[in-house]
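# Observations on the model geometry
In case you want the letters, here they are:
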Amino acid sequence: MSKTYVSSSYCSLLSLLETEKAIRKLKDFFIMNLSQSLNIMKVSAPIVVKAGNGINDNLNGIERVVSFDALDSDCNIEIVQSLAKWKRMAVGRYDFQPDEGLYTDMNAIRRDETLDNTHSLYVDQWDWEKVISEEQRNDHKLKEEVQKIYQSIKQTEHYIYSLYPQLTPTLPNNIVFITAQELEHLYPQISPKEREDEIARKYGAVFIMGIGGDLLSGEKHDGRSPDYDDWTLNGDIILWNPALERAFEVSSMGIRVDRDALINQLKASNCEERKSLDYHKAILNGKLPSTIGGGIGQSRLCMFLLKKVHIGEVQASVWSEQIIKECEDHNIPLL
């Protein structure tokens, strides 16, 4: 069943051609600003990886990867779901020093996504990773990097407004920090997604920290793979989206697991068999640097700043006939 949100009064503020031009300008401006702020440089990254070595992202552990064999390959090949693990290995190979790192254009296919206004089979992110010292594995460092990213988003919002005055800025000057547990205490009677709506509506921009482990209620705020983010030092950047009238996630990020966090989180997730995989053994044996990293949705950010109501307005993907018809009926032009 379609989950497309539609509004009878929606009208895109940019034409199809203006949208394509604005997407290019927005992406170029944002990543130039972000790379300078975070001190990261662009590197090449894979679209496909070998199966079975633990490098591909397991997401919540239930999503099916897209895999295939190839004529001149002796192993099964997987299309990446994200580059969370690959990036940590890459910063080590490039020998980046603390507070240096990389970013890349990550293109993934997630076959088990439920398609709606903000979810597509095709996922495009700026994936980034930077080296930190052991002493920087704390929430102060996490918040410092979040604030840099948020200011890059704010500056891009004002840049786009200077080009297209009809796209009035809506973001607050500062982002608010709150833990998933604090959020549960504030709104104990509603679901985690409804809590995000409430807190985003109130503040306009929030970073919800501590996602992946069980809350005091026994439920999780949201699922997280146990082997990249430290669940006590991670979170999501959530914005209030006036066009959709709901909370809108643009980034997931965190300080990566050390040996102790990996052991504890694999046990909590009943995934201890992963200890035998190459990536996990590298962490357990201290072969990978301490890092912080995340993904920033390219289409998500374009959608938000260009005030679009459907992700298909800013990326070309595959949609069901039902979704295409719904969008046509409600004046939503898909690329």
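What counts as what
- Residues numbered from 1 in each chain as written.
- Predicted model: local features only at pLDDT ≥ 70, side-chain atom pairs only at ≥ 80, totals over all residues.
- Heavy atoms only, no water.
- UniProt positions renumbered as here; feature names shortened; annotations may be inferred.
- Helix = DSSP H or I, 4+ residues; strand = E, 2+ residues; numbered from the N terminus.
- Polar contact = N/O pair within 3.5 Å; in protein donor to acceptor, adjacent residues only side chain to side chain.
- Contact = heavy atoms within 4.5 Å.
- Axes fitted to C-alpha atoms, helices over the stretch in contact; angles between N-to-C directions.
- Left-handed = near helix turned anticlockwise from the far one by under 90°.
- Pairing = 2+ DSSP bridges.
- Salt bridge = Lys/Arg side-chain N within 4 Å of Asp/Glu carboxyl O.
- Buried < 20%, exposed > 50% of the residue type's maximum accessible area, 1.4 Å probe, protein only.

Looking at an unreviewed UniProt entry, one finds the protein named Aspartate--ammonia ligase, with Metabacillus endolithicus as its source organism. As recorded by UniProt, the Subcellular location (unreviewed entry) comment attached to the protein reads in full: "Cytoplasm". In its Catalytic activity (unreviewed entry) section, UniProt records this for the protein: "L-aspartate + NH4(+) + ATP = L-asparagine + AMP + diphosphate + H(+)".

Examined against the element boundaries, D124 turns out to sit in strand β6 (residues 122-131). Engagement of the side chain of D124 in a polar contact is seen with the side chain of S299, the distance being 2.9 Å. Excluding residues that lie within four positions of it along the chain, D124 makes contacts with K27, M106, N107, I296, G297, Q298, S299 and Q315.

The interhelical angle for the contact between helix α1 (residues 16-38) and helix α3 (residues 139-163), taken along N-to-C directions, is 145°, at an axis separation of 9 Å. In this structure, α1 crosses over α3, and the sense of that crossing is right-handed. Contacts between α1 and α3 involve A22, K25, L26, F29, F30, N33, L34, S37 and L38 on the former and, on the latter, E145, K148, I149, S152, I153, Q155, T156, Y159, I160 and L163.

A few words on the sheet that holds strand β5 (residues 101-109). Spatially, β1-β5-β6-β11-β10-β9-β8-β7 is the arrangement adopted by the eight strands of the open sheet, whose pairing is mixed. The sheet is open, and its two edges are formed by β1 (40-42) and β7 (176-179), each paired on a single side. Between one strand axis and the next, the sheet turns by 25° as a mean value, whatever way the strands run. Bridge count between strand β8 (residues 205-209) and strand β9 (residues 229-241): five bridges; the pairing is antiparallel. Within the sheet, the bridge partner assigned to A205 lies in β9 and is L239. Here α1 sits on the sheet in contact with β1, β5, β6 and β11 (291-297), set at roughly 20° to β6.

Once that is clear, we can look at the pattern of salt bridges. With the rule as written, the count across this model stands at 26 salt bridges. In this structure, K87 engages E129 in a salt bridge whose closest nitrogen and oxygen atoms are separated by 3.5 Å. Of this pair, K87 sits in helix α2 (residues 84-93) while E129 sits in strand β6, and the two are 42 residues apart along the sequence. Here the two residues K87 and E129 agree in accessibility, since each one is buried.

With that settled, the discussion passes to the pairing of strand β10 (residues 246-256). Counting buried residues along β10, eight of its 11 residues qualify, which places the element largely inside the surrounding structure. Relative to β10, β9 runs antiparallel, the two being bridged by nine bridges. By the bridge assignment, L239 is partnered in β10 with F248. The turn joining β9 and β10, which pair antiparallel and follow one another in sequence, is formed by four residues; a positive phi near 55° is taken by E245. Where β10 and β11 come together, five bridges link them in antiparallel fashion. The residue bridging G254 from the neighbouring strand is G293, located in β11.

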